[in-house]
Amino acid sequence: MLLPLVAGLCMALGPAVAVAAPSKPKNSKARKYYDSAIELYNQNEFDEAVEAATLGLEIEEHELLLFLLAQAERMRDNCVVAVEVYTRFIDMTEDEDQKQNALTLKAMCAEKLAELARQAELEAQLEADFEPEPEPEPEPEPEPEPERPWYRDPLGGVLVGVGGVTLLGGGAMLVAAAVLDPDKADIYGTFARRQEVRPKLLLAGSINAGAGLLLVGGGLLRWMLVRRSQKRPGSTARRVEVAPWVSGGRTGLVLTGRF
């Protein structure tokens, strides 16, 4: 409730209670600021009243200016400053009635500040209750396995390995056929046996040696294709397949895939 302040101290405590006011500031400039502040206050121009009262206090620290400043700050809802100024007024004035009135007004401001603090705490609690849970961080994608070097390609290794063993077996058969020359037999029985066995060894040795060469060649070709495909971005060695082929006594290699 706003009550006019004229030529004395009037307190906002329900109905107007006029109390004996102390004398105005002694300094003429301070008095002018005081009179201006009262006029502005009574016109509800509280910002301008605060400015005028503050200028007067810079010239003279007077209890009337202090009380007027506290009232104007309270009326513009600046209770933090109003409480501090009321305290300064209470410490300065010697009038017990004025002191009690100021204490009551200070308590009103303090209660308002406490209510604002409770509201802020309630709002903060409500925000905390409704705060959405943070989204779980996405799991990191597994790192791709490092690409095997071309010389460790399993198909190429199998072809070279099997081909090498087959080639060695065929070579051994050819060597045995060369050793078992019938013309070098010392007796007839040995001659006849060599004549029977030698063609078989030659045939088997030639087939195995040929198949071994094809397998080794296929493995080497597979390694070459894998190595070439690894050098091209976005390509993979698994697009190339090399396999031996045998049909009707014929042997060869089959290549499948994209190059």
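Before any of the text, the structure's been laid out above.
Residues numbered from 1 in each chain as written. Predicted model: local features only at pLDDT ≥ 70, side-chain atom pairs only at ≥ 80, totals over all residues. Heavy atoms only, no water.

S.K.: Teacher, can you tell me more about a nonpolar patch on the surface here?
M.R.: On the surface, Y33, L55 and I59 cluster together into a nonpolar patch covering about 220 Å² of accessible area. You can call Y33 partly exposed: its relative accessible area is 30%. (Patch = residues over 30% accessible without salt bridge, like charges linked within 9 Å, V, L, I, M, F, W, Y side chains within 5 Å. Areas by Shrake-Rupley, 256 points an atom, 1.4 Å probe, with all protein chains shown as cover. Salt bridge = Lys/Arg side-chain N within 4 Å of Asp/Glu carboxyl O. Buried < 20%, exposed > 50% of the residue type's maximum accessible area, 1.4 Å probe, protein only.)

S.K.: Is there a simple way to think about the packing of aromatic side chains in this case?
M.R.: Pairs of aromatic rings are described using the distance from one ring centre to the other and the angle between the two planes. Taken as a whole and assessed by the stated rule, the structure comprises three aromatic pairs. Ring geometry for Y41 against F46: centres 5.4 Å apart, planes inclined by 70°, an arrangement best described as edge-to-face. You'll find Y41 and F46 in the same group, each marked buried. By way of ring pairs, the aromatic residues F67, Y86 and F89 are connected into one cluster. (Phe/Tyr/Trp six-rings, centres within 6.5 Å; stacked < 30°, edge-to-face > 60°.)

S.K.: How should I be thinking about unusual backbone geometry in this particular structure?
M.R.: It is generally the case that most residues other than glycine have a negative phi and that most peptide bonds are trans. The backbone phi angle of N44 is positive, close to 65°, even though this residue is not glycine. Its location among the elements puts N44 in the loop between α1 (28–42) and α2 (46–59). Unlike most non-glycine residues, D77 shows phi in positive territory, near 60°. With respect to the helices and strands, D77 occurs in the loop between α3 (63–75) and α4 (79–92). Take D77: its relative accessible area is 55%, and that puts it in the exposed class. (Helix = DSSP H or I, 4+ residues; strand = E, 2+ residues; numbered from the N terminus.)

S.K.: Is there a simple way to explain α2 in this structure?
M.R.: Residues separated by three or four positions in an α-helix point in the same direction, a consequence of the helix having 3.6 residues per turn. If you check α2, its first and last C-alpha atoms are 20 Å apart, about what 14 residues at 1.5 Å a residue would give, namely 20 Å. For α2, the complete set of buried residues consists of F46, A49, V50, A52, A53, G56 and L57. (Expected span 1.5 Å × (residues − 1).)

S.K.: Help me understand the packing of α1 against α3 in this model?
M.R.: Helices that pack against each other are described as a pair by the angle of their axes relative to one another and the distance between those axes. Packing of α1 against α3 leaves a shortest axis separation of 11 Å and a crossing angle of 30°. One finds that α1 runs roughly parallel with respect to α3. Helix-helix and strand crossings are classified by hand; for α1 and α3 the assignment is left-handed. Contacts between α1 and α3 involve A30, Y34, A37, I38 and Y41 from the first element and L64, L65, L68, Q71, A72 and M75 from the second. Its residues assigned to classes, the contact of α1 with α3 comprises ten nonpolar, one polar and no charged. (Axes fitted to C-alpha atoms, helices over the stretch in contact; angles between N-to-C directions. Parallel < 35°, antiparallel > 145°, perpendicular 65-115°, else oblique. Left-handed = near helix turned anticlockwise from the far one by under 90°. Contact = heavy atoms within 4.5 Å. Nonpolar A, V, L, I, M, F, W, Y, C, P; charged D, E, K, R; others polar.)

Interpretation note: all reported values are geometric properties and have no functional meaning in isolation.
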